[in-house]
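One letter stands for each residue in the lines below.
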Protein chains: 4
Amino acid sequence: MTTELKIAYIGGGSREWARKLMFDLALEPALGGSVKLFDINFDAAKLNEQLGNWLQDQDGVVSRWKYEAVQTLEESLRGADFVVVSIQPGTLDIMAQEIALAEEYGMFFPVGDTSGAPGLVRGLRAATIYKNFAHAIAEHCPNAWVINYTNPMTICTRTLTRVEPKLKVFGCCHEVFKSQELFAELASEHLQTTAPIPRADVAINVQGINHFTWIDRATYNGMDLFPLLTAHIQKPGVLREYTQAEVENFGTWFHSTDQVKFHLFQRYGILAAAGDRHLVEFLPGFTRSPEELFKWGIIRTPVSWRKARWTNAPQQTRDLLAGKEKLSLGASGEEGIAQIKALVGLGERVTNVNMENQGQISNLPLHAVVETNARFSQDDVRPLNAGALAPGLYPLITRHVSNQELIVEAALTCDKDMAFHAVYNDPTNRLPIDESWEMFNRMLQASCEFLPGWN
Amino acid sequence: MTTELKIAYIGGGSREWARKLMFDLALEPALGGSVKLFDINFDAAKLNEQLGNWLQDQDGVVSRWKYEAVQTLEESLRGADFVVVSIQPGTLDIMAQEIALAEEYGMFFPVGDTSGAPGLVRGLRAATIYKNFAHAIAEHCPNAWVINYTNPMTICTRTLTRVEPKLKVFGCCHEVFKSQELFAELASEHLQTTAPIPRADVAINVQGINHFTWIDRATYNGMDLFPLLTAHIQKPGVLREYTQAEVENFGTWFHSTDQVKFHLFQRYGILAAAGDRHLVEFLPGFTRSPEELFKWGIIRTPVSWRKARWTNAPQQTRDLLAGKEKLSLGASGEEGIAQIKALVGLGERVTNVNMENQGQISNLPLHAVVETNARFSQDDVRPLNAGALAPGLYPLITRHVSNQELIVEAALTCDKDMAFHAVYNDPTNRLPIDESWEMFNRMLQASCEFLPGWN
Amino acid sequence: MTTELKIAYIGGGSREWARKLMFDLALEPALGGSVKLFDINFDAAKLNEQLGNWLQDQDGVVSRWKYEAVQTLEESLRGADFVVVSIQPGTLDIMAQEIALAEEYGMFFPVGDTSGAPGLVRGLRAATIYKNFAHAIAEHCPNAWVINYTNPMTICTRTLTRVEPKLKVFGCCHEVFKSQELFAELASEHLQTTAPIPRADVAINVQGINHFTWIDRATYNGMDLFPLLTAHIQKPGVLREYTQAEVENFGTWFHSTDQVKFHLFQRYGILAAAGDRHLVEFLPGFTRSPEELFKWGIIRTPVSWRKARWTNAPQQTRDLLAGKEKLSLGASGEEGIAQIKALVGLGERVTNVNMENQGQISNLPLHAVVETNARFSQDDVRPLNAGALAPGLYPLITRHVSNQELIVEAALTCDKDMAFHAVYNDPTNRLPIDESWEMFNRMLQASCEFLPGWN
Amino acid sequence: MTTELKIAYIGGGSREWARKLMFDLALEPALGGSVKLFDINFDAAKLNEQLGNWLQDQDGVVSRWKYEAVQTLEESLRGADFVVVSIQPGTLDIMAQEIALAEEYGMFFPVGDTSGAPGLVRGLRAATIYKNFAHAIAEHCPNAWVINYTNPMTICTRTLTRVEPKLKVFGCCHEVFKSQELFAELASEHLQTTAPIPRADVAINVQGINHFTWIDRATYNGMDLFPLLTAHIQKPGVLREYTQAEVENFGTWFHSTDQVKFHLFQRYGILAAAGDRHLVEFLPGFTRSPEELFKWGIIRTPVSWRKARWTNAPQQTRDLLAGKEKLSLGASGEEGIAQIKALVGLGERVTNVNMENQGQISNLPLHAVVETNARFSQDDVRPLNAGALAPGLYPLITRHVSNQELIVEAALTCDKDMAFHAVYNDPTNRLPIDESWEMFNRMLQASCEFLPGWN
């Protein structure tokens, strides 16, 4: 028996997330239905429509979905059961400009999409765009579940419920999985299991905010995994410095040596879940120079690479459609489909999500978006209590919570000073108020087409 | 494979709960081990030891447990994995006296074990006793899970963590099941299912405090059951008054006509989960006379009946052991064993428990004991966010939360005025301050042997 | 040098408060200006205009004010520096009806204007009326200070800022003065002073809500006065019961024997500030019968007396104007003029007021209206921290805070169930839910002309 | 009539504050009594004893005080009405070392006594010492008022009540006065007054924490002074950069050009009250280099100068006693004596103090020490509500509040990681975690003799 669904995909021209979703849907026999793709780049959506529909006839596909690119947001939303949002808030050119501006002022961001001046200004653009999404969803499909994939995750997700408090929203991010995998490896090694332990078998408690989530409890079959981690870090050679050459030879922009994670663990006794390239953007000192980053084994993801990927993706798609490239149909490793299944009543599931705080972290403000575990069941996503943040961790996290709330509020009211308060307060900021203000204004200037109503 | 456990049973001479536990353990193949029974009445514990060990050889028993009555609390606790507590805080004579005293002052309690002057004074006794339990558990088995069954549930549970904040404590109560059953019946009727829908298939959200827990969401396979309830109440004859004769012919002391529950639902739009005999003890007006109670279909459980049951139970046990009575080995319907299984890693489970508020009800004070759903997994009981109490419900519940906190504090500090503040503030109280004080003093007098340190 | 002010008087036809204000203004040389009198009874306002202007030429008058009755609310408000509000929310007939209804259901209210079912339903009417005042003030004189005298004080004051958060509002009540006088007398007696000690020389800390305010600290020249109070209560004959005859011979409706106050002090160690006739309306038990009230020395103020006063007042005014009655120009004992002086920069002043909680009582909700001391200085009324409510006192007060918030919210949204939640939760309520609902509906019926939008 | 007082002076060998107190006492006719001077340097206390007693016979002295150096803390405290604390927490050598260490790591602190790594480590020493003071005061003079002058003000004051919650403690600091003077000058200029307006005539509202206090309201005779400030900043030449040469020629270490203050005001709309040399220690960016500081007109107070003052002060005192130097008996401008007078019942007074938050700043945690106005009256210091911190200001201040709480807790529990959490989280910190940890350990090493129990 198949559950029939209507999915609206905002950002449906997406090069990466759309394909992941299509493949995951193709491999899930329990669900079927239609996906309406909306994108400000209609051609991109149209190409994804082609890809999606072409996929239906490929080997290994076990479900039936109809894809359709639509011209308006409203059209995609009308009657939707689920709304998936994965957009680029602004352009990659703007992203490149703001990362370059930050570097000009002595701050070097490996990612630049969540925290620090570039992440916060990106947040202004995102909140401005998401305000409209919120109104449209409330009007056209108020009972739909909205799943956000866009960064800055917290700001996007928070804007939706700040603007329309009754929307059912959560945000998904896979950053935590890596730390689960680490624990799984340590457990496997310790227990000398023949097969690798799957990450999902490691039970963790998660608390914090997206990309700055912390794990204060990890067990495997009742075994506390923290002592294994402590022992691991103490092994010779685990803590070390890297050279630029080493780092540049990683061959991927996304590798994490976990040096930052491990140093934090030594001081805080709690494990930061995300990769190091994200972590350094939430903390003082690391982003002060490319050399400092290399030392920790971190390389900055070049926006030029993102742009190339962006440019090449359509051709890859066309090659696939034309049979020039072979289809490799595999699961994405994302949990979106599993979550959708749970929400339509096909099994329950506990996993980490980004949602408004309704008490799951008792010493963070209500309504701020936090990341904790939640239990998915039929039409219900209910956070599990993650406990209060430890005293030493609390101020590390709250300042970002405050900044994110300021950005959402500033975006909704076009309050430039308020947005600046967040930028100046960010822990990566190394500038006195005058230079900070100057940099911020130059960033705003670069973003001006996406900030209507701002002067 | 069997998981071997050591269970300490405080109140191990219990007539009712001990037998339920023994039977449930007997029927569970995955667990085995030893149960140490401690009771201030050693003979009663000894009799349960006999019963428990005799049980091992009976038909239908699928596990292996060794029961042993021990002379001291310490002996029972040493090395325990689980501590079950189910005691009578004081004597049934005292209970009879305080219910009679309340009646003398015009307040008629059907149960008298949780709220109102009798429940609160019982709470003083219980907290005084539980303070010692807390210290002993912290000393002898600090990592054990403590499962409380004694009433007043909230006060008992709260005392343990108020005195020893690191103890792992939860309290179990089945009152909520009845409302789940009601929903299951309505769903079954509506869907015209051939077989009855099991109560566990009705998903509910639970919020409040023990015996005054509320359900604000109930679904079956994604179907909202609240409209069925609304329709049910409007059917002719559902809302009605009862006569004394009718009520006296119910043939059980525990029947609930749900008249109170339904009237509350009409005004609050949320369903009180417990039976009417409990509900009226948390609310103004109902307990003003036996006639009023009859009108709502409520009969007071006579303490004389409890005493008779108390007196007869040992003989029944002896009859069973002597083969004079036939063993009827059935599951109790309680969830204790299922919870223990989840805690030792044998499956996960979501059910309602009484635990310290760590944010699961965001507008009740942290640390007060509340009742919500929680997820049981290996060595973890993690509350699910139950949401904030609705504005109209909030004051109904908070005044009891305040009173229970006052009673615990008063018991720990022997502060008579503070205990009185709770009694005077109870919504069932109909007396001005002088008579209320007089009644309270007479109740204290009746309890004096259980309140050492009070004058 | 005289400060020239424009005062708007809403309820300017008032029989009692308007005259007090006029006399107090007449005796204050530092202020002058105009008073615009608005009343739904224009004739009453007109009569006060005559009285006010006639007063300017009388002996002993040391200031210059121009009184003018106006036809519209807007006219009175335009350009006002101060807005004084003192109205009858509904009619005395309705008040009589709801007090009679409460009595029919077994609840006997000596005043009936603040708490209990009559006070809460009066609050519904008041909030409905005050919503319009709030909007009008925000439009016509947003910077004016608004001084409220109407009961229910908390609900009226709260409605203004709930509807228009930027209004500058406080409420004045003299109930606290009586307790200051009591302390002054005890101090005078103890120190054997020749002259009486003025009440204002007794420094008190005040915390709670209007008519249910508590004093937890009273000093005179650094001497703690609480031991004097304790000793006073222990004197033979101070605590006693009264007979109906005694009470009926008091010769005033406003006498307080302080029996309730003293009994509360014995149990709570904190002094309830208001007179007994108010106190019993916030507590269980006292209002259960006229006999119970007599026992405590309390007589119910008959609404018939209020109506007679209402009817006779205009004639008294006309007699005064016609020279038939002699003018007795004395200060009212109210503090309104002194507060106005402080607000225009003529000296500073610390006194008790009703204002939104901005932290002055740290364990009551922010924004609820509470009564504490505040410091009046130029264009500023700044609450002094009154401390947290003691644990035993906390639940006595919070349930009223919750109820008052429910009434305001219910009035603004025409939510009948929500209003009922407050009525049912009131500690004076002795009825089960069905009778409580019936009584409430009959009261609403009596008020229907003042509750537009309610069915 | 003179009020006779016993004052204990902890740090009674103080070179600066002791003399200020003596002079102020000498000039106050309403008070007299004894001052017991305790200091770990007994000779220094002895010299102050001589000075104090010598002073009694000098011209212009209008009171009678007896000074006595005592050998033990206990002796100074026994029976005291007031305890004044003004100590050096550690030595100036340590202070010099930790400021030099910070500079080695690229952070340049003009003062180094409150915030940033040097201020926080100083806080560890101070809290360790103050813990003992708290116990001794609670034992020997539990009802005394304790007035703290030592920096870090917040940590010292907080430690006292964290350790002994019943102590009556407040901390005094004059930093706010400068901003009042600024407003007074602007008002005087605007109104073209012939005489300067005294700073005390400017009414301000104060909110924040010591040395990072903010003024959100300033009026003079009802005139809002903020527009004058806005206009002032816009005048040509007010905002400007400074050269090193200019700054080095100020001729004082304490001059504030207010450039930082004014830039903050432009962005936050609220005025930071302290001098720029303090402000930059609470904010990112300014302390990155000596050049940056010069640009803002800030020079670092050299610890060598403090040491010279320290060394020379006793000789100055001896010169004074020997008649070699002329006594110049003037009021210090501090408010300590005025506060003492108010506390003994000689007038009331509203001024800024550092006290535990009991709600005066509603969005900061209860019990943290904050700086707001308070009303001093007989035996009472009662904070005035200062309002919630504005959203943009909130995160700037809370991170320091968190850090200060961590330092107090770390000092009381010898928790090195927890102390580090504060250091790493400080906004002046520019280091990644490894260097930050290294610097912190070197600072701890320098302080080791003042941190018993730490390894």
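Placed above this text is the structure.
Residues numbered from 1 in each chain as written. Chains lettered and ligands numbered in written order. Predicted model: local features only at pLDDT ≥ 70, side-chain atom pairs only at ≥ 80, totals over all residues. Heavy atoms only, no water.

### Side note on the overall build of chain A
Step number 1: A tally of regular secondary structure across chain A gives 17 helices and 13 strands.
Step number 2: Radius of gyration (C-alpha) of chain A: 22 Å, near the 23 Å computed for a compact globule of 455 residues.
Step number 3: Dimensions along the principal axes, computed over C-alpha positions, put chain A at roughly 60 × 50 × 45 Å.
Step number 4: Out of the 455 residues belonging to chain A, those deemed buried represent 62%.
Step number 5: The long-range fraction of contacts in chain A, counting pairs at least 24 apart against all pairs at least 6 apart in sequence, stands at 72%.
Step number 6: Roughly 16,300 Å² of accessible area belongs to chain A as shown, and the carbon and sulfur atoms make up 50% of that amount.
Step number 7: The average position of the 41 basic charges and that of the 53 acidic charges among the side chains of chain A differ by 2 Å. (Helix = DSSP H or I, 4+ residues; strand = E, 2+ residues; numbered from the N terminus. Rg over C-alpha atoms; globule rule 2.2 N^0.38 Å. Buried < 20%, exposed > 50% of the residue type's maximum accessible area, 1.4 Å probe, protein only. Contact = heavy atoms within 4.5 Å. Areas by Shrake-Rupley, 256 points an atom, 1.4 Å probe, with all protein chains shown as cover. Lys, Arg positive; Asp, Glu negative; His and termini not counted. Charge placed at Lys NZ, Arg CZ, Asp CG, Glu CD.)

### Some words on the interface of chain D and chain C
Step number 1: The interface of chain D with chain C comprises 20 residues on the first partner and 20 residues on the second.
Step number 2: Roughly 1,700 Å² is buried in total at the junction of chain D and chain C, and carbon and sulfur atoms are behind 44% of that figure.
Step number 3: When residues of chain D are sorted by the area they lose upon contact with chain C, D:R217, D:R382 and D:N385 head the list and together hold 36% of the total.
Step number 4: Connecting chain D to chain C are 2 salt bridges.
Step number 5: The salt bridge partner of C:R217 is D:D380, with a shortest N-O separation of 3.7 Å. (Buried area = accessible area lost by both parts, 1.4 Å probe. Salt bridge = Lys/Arg side-chain N within 4 Å of Asp/Glu carboxyl O.)

### A short note on the arrangement of the chains
Step number 1: The two units chain A and chain C never meet; even their closest C-alpha atoms stay 15 Å apart.
Step number 2: Taking C-alpha atoms as the reference, chain B and chain D come no closer than 15 Å and do not contact one another.

### Re helix 16 (residues 416–425) of chain B
Step number 1: With 8 of 10 residues buried, helix 16 of chain B lies mostly within the body of the structure.
Step number 2: Residues of helix 16 of chain B that are buried: B:M418, B:A419, B:F420, B:H421, B:A422, B:V423, B:Y424 and B:N425.
Step number 3: Its buried side turned inward, helix 16 of chain B meets helix 5 (116–140), helix 15 (394–413) and helix 17 (433–446) of chain B together with helix 10 (259–268) and helix 15 (394–413) of chain C.
Step number 4: Looking at where helix 16 of chain B begins, the residue whose side-chain oxygen comes 3.3 Å from the main-chain nitrogen of B:D417 is B:D415. (Polar contact = N/O pair within 3.5 Å; in protein donor to acceptor, adjacent residues only side chain to side chain.)

### Digging into the relation of the copies chain B and chain C
Step number 1: The operation relating chain B to chain C is a screw motion whose rotation component is 180°, with 0.0 Å of axial translation and a residual RMSD of 0.0 Å. The transformation just described matches what one would write down for a two-fold rotation axis.
Step number 2: Here 100% of the interface residues in chain B have copies in chain C that are interface residues too; the copies meet face to matching face. (Least-squares fit on C-alpha atoms with pLDDT ≥ 70 in both.)

### Side note on the relation of the copies chain D and chain C
Step number 1: Taken as rigid bodies, chain D and chain C are interconverted by a rotation of 180° and an axial shift of 0.1 Å, the fit giving an RMSD of 0.0 Å.
Step number 2: Comparing contact sets, 100% of the residues at the interface of chain D also lie at the interface in chain C, consistent with an isologous, same-surface contact.

### Concerning the pairing of strand 4 (residues 82–85) of chain A
All names here are of chain A.
Step number 1: Judged by which residues are buried, strand 4 turns out to be covered on both faces: F82 and V84 on one side and V83 and V85 on the other are all buried.
Step number 2: Pairing geometry for strand 1 (residues 3–10) and strand 4, over 4 bridges, is parallel. By the bridge assignment for strand 4, Y9 is matched with V84.
Step number 3: Across 4 bridges, strand 4 lies against strand 5 (residues 145–148) in parallel orientation. Of the residues in strand 5, the one forming a bridge with V83 is V146. (Pairing = 2+ DSSP bridges.)

### A word on the interface of chain B and chain C
Step number 1: Taken residue by residue, the interface counts 35 residues in chain B and 35 residues in chain C.
Step number 2: Both sides together, the interface formed by chain B and chain C hides about 3,200 Å², and carbon and sulfur atoms give 56% of it.
Step number 3: On the chain B side of the contact with chain C, B:R267, B:Y424 and B:I433 bury the most area, a combined 21% of that side's loss.
Step number 4: Where B:R267 meets C:D417, a salt bridge forms, and the shortest distance between an N and an O atom there is 2.7 Å.
Step number 5: In this structure, the connection of chain B to chain C is made through 13 residue pairs in polar contact (both at pLDDT 80 or more).
Step number 6: For the side of chain B that touches chain C, the elements supplying multiple residues, two or more each, are helix 10 (259–268), helix 12 (290–295), helix 15, helix 16 and helix 17 of chain B.

### Concerning the packing of helix 4 (residues 92–104) of chain A against helix 5 (residues 116–140) of chain A
Residues and elements named next belong to chain A.
Step number 1: Relative to each other, helix 4 and helix 5 sit at 145°, their axes nearing to 9 Å. Helix-helix and strand crossings are classified by hand; for helix 4 and helix 5 the assignment is right-handed. Residues I94, M95, E98, I99 and A102 of helix 4 form the contact with helix 5, whose participating residues are P118, V121, R122 and R125.
Step number 2: Per-class residue counts for the contact of helix 4 with helix 5 are 6 nonpolar, no polar and 3 charged. (Axes fitted to C-alpha atoms, helices over the stretch in contact; angles between N-to-C directions. Left-handed = near helix turned anticlockwise from the far one by under 90°. Nonpolar A, V, L, I, M, F, W, Y, C, P; charged D, E, K, R; others polar.)

### Digging into the side chain of B:H421
Step number 1: Looking at the element boundaries, B:H421 is found in helix 16.
Step number 2: Of note is the side chain of B:H421, whose polar atom sits 2.9 Å from the backbone oxygen of C:R267.
Step number 3: Residues within four places of B:H421 in sequence aside, it is in contact with B:N403, B:L406, C:R267, C:Y268 and C:G392.

### Brief notes about helix 5 (residues 116–140) of chain D
Step number 1: With 25 residues, helix 5 of chain D should cover 36 Å at 1.5 Å per step; its first-to-last C-alpha distance of 35 Å lies within 8% of that length.
Step number 2: In terms of burial, helix 5 of chain D is largely enclosed, as 20 of its 25 residues are buried. (Expected span 1.5 Å × (residues − 1).)

### Structural notes on the packing of helix 5 (residues 116–140) of chain C against helix 6 (residues 153–163) of chain C
Residue and element names in this part refer to chain C.
Step number 1: Packing of helix 5 against helix 6 leaves a shortest axis separation of 8 Å and a crossing angle of 40°. When the axis of helix 5 is compared with that of helix 6, the two are oblique. At the point where helix 5 passes helix 6, the crossing takes the right-handed sense. Contact with helix 5, carried on its side by G123, A126, A127, Y130, K131, F133, A134 and H135, involves I155, C156, T159, L160 and V163 of helix 6 and no other residues of that element.
Step number 2: In terms of residue class, the contact of helix 5 with helix 6 is made up of 9 nonpolar, 3 polar and 1 charged. (Parallel < 35°, antiparallel > 145°, perpendicular 65-115°, else oblique.)

### Things to note about the nonpolar core
Step number 1: The biggest cluster of nonpolar side chains holds 86 residues, and the ones touching the most others in it are B:V83, B:L124, B:F133 and C:W214.
Step number 2: The biggest single contributor to this core is helix 5 of chain B, with 12 residues.
Step number 3: Leaving out residues up to four positions away in the same chain, B:F133 has contacts with B:I10, B:L73, B:V85, B:I87 and B:L160. (Core = buried A, V, L, I, M, F, W, Y, C linked by side-chain atoms within 4.5 Å.)

### With respect to the pairing of strand 2 (residues 31–38) of chain D
All names here are of chain D.
Step number 1: Burial runs high along strand 2: 7 of the 8 residues are buried.
Step number 2: Sheet analysis places strand 1 (residues 3–10) next to strand 2, joined by 8 bridges and oriented parallel. Following the sheet pairing, T3 is matched in strand 2 by L31.
Step number 3: At this point the chain moves from strand 1, through helix 1 (residues 17–26), to the parallel strand 2, and the crossover so formed is right-handed.
Step number 4: Taken together, the 6 bridges between strand 2 and strand 3 (residues 65–70) define a ladder with parallel strand orientation. What sits directly across from K36, in strand 3, is E68.
Step number 5: As for the winding sense of the linkage, the β-α-β connection from strand 2 through helix 2 (residues 42–55) to strand 3 is right-handed. (Right-handed = clockwise from strand over helix to strand, strands pointing away.)

### Things to note about the packing of aromatic side chains
Step number 1: Tallied over the full model, the rule gives 64 aromatic pairs over all chains.
Step number 2: Here D:W17 and D:Y149 contribute two aromatic rings whose centre-to-centre distance is 4.7 Å and whose plane-to-plane angle is 25°, an arrangement assigned as stacked. Of this pair, D:W17 sits in helix 1 while D:Y149 sits in the loop between strand 5 (145–148) and helix 6 (153–163), and the two are 132 residues apart along the sequence.
Step number 3: Aromatic side chains D:F420 and D:W437 sit 5.1 Å apart centroid to centroid with 85° between the ring planes, which places their arrangement in the edge-to-face category. With D:F420 in helix 16 (residues 416–425) and D:W437 in helix 17 (residues 433–446), the pair connects residues that are 17 residues apart, well separated along the chain.
Step number 4: Connected via pairs of aromatic rings, a cluster forms that spans A:F212, A:W214, A:Y268 and A:F282.
Step number 5: The ring of D:W437 is capped by A:R267, whose NZ or CZ atom sits 3.4 Å from the centre of that ring.
Step number 6: The side chain of D:R240 reaches across the aromatic face of D:Y242, ending 3.8 Å from its centre. (Phe/Tyr/Trp six-rings, centres within 6.5 Å; stacked < 30°, edge-to-face > 60°. Lys NZ or Arg CZ within 6 Å of the ring centre and 35° of its normal.)

### Brief notes about the state of the cysteines
Step number 1: Counted under the stated rule, the structure contains 0 disulfides over all chains.
Step number 2: With no disulfide of its own, C:C156 has C:C173 as its nearest cysteine by sulfur position, at a separation of 12 Å. (Disulfide = S-S within 2.5 Å.)

### Focus: the side chain of B:E292
Step number 1: Mapped onto the fold, B:E292 is located in helix 12.
Step number 2: Taking the relative accessible area as the measure of exposure, B:E292 reaches 7% and is therefore buried.
Step number 3: Not counting residues within four places of it along the chain, the set of residues in contact with B:E292 comprises B:G285, B:F286, C:P432 and C:E435.

### Quick word on unusual backbone geometry
All names here are of chain B.
Step number 1: The amide bond that connects N151 to the next residue, P152, takes the cis arrangement and shows omega of 0°.
Step number 2: Note on placement: P152 falls in the loop between strand 5 (145–148) and helix 6 (153–163).
Step number 3: Positive phi is not limited to glycine here, since H367 has a value of about 85°.
Step number 4: Among the structural elements, H367 can be located in the loop between strand 11 (349–356) and strand 12 (369–377).
Step number 5: The class for H367 is partly exposed, based on a relative accessible area of 45%.

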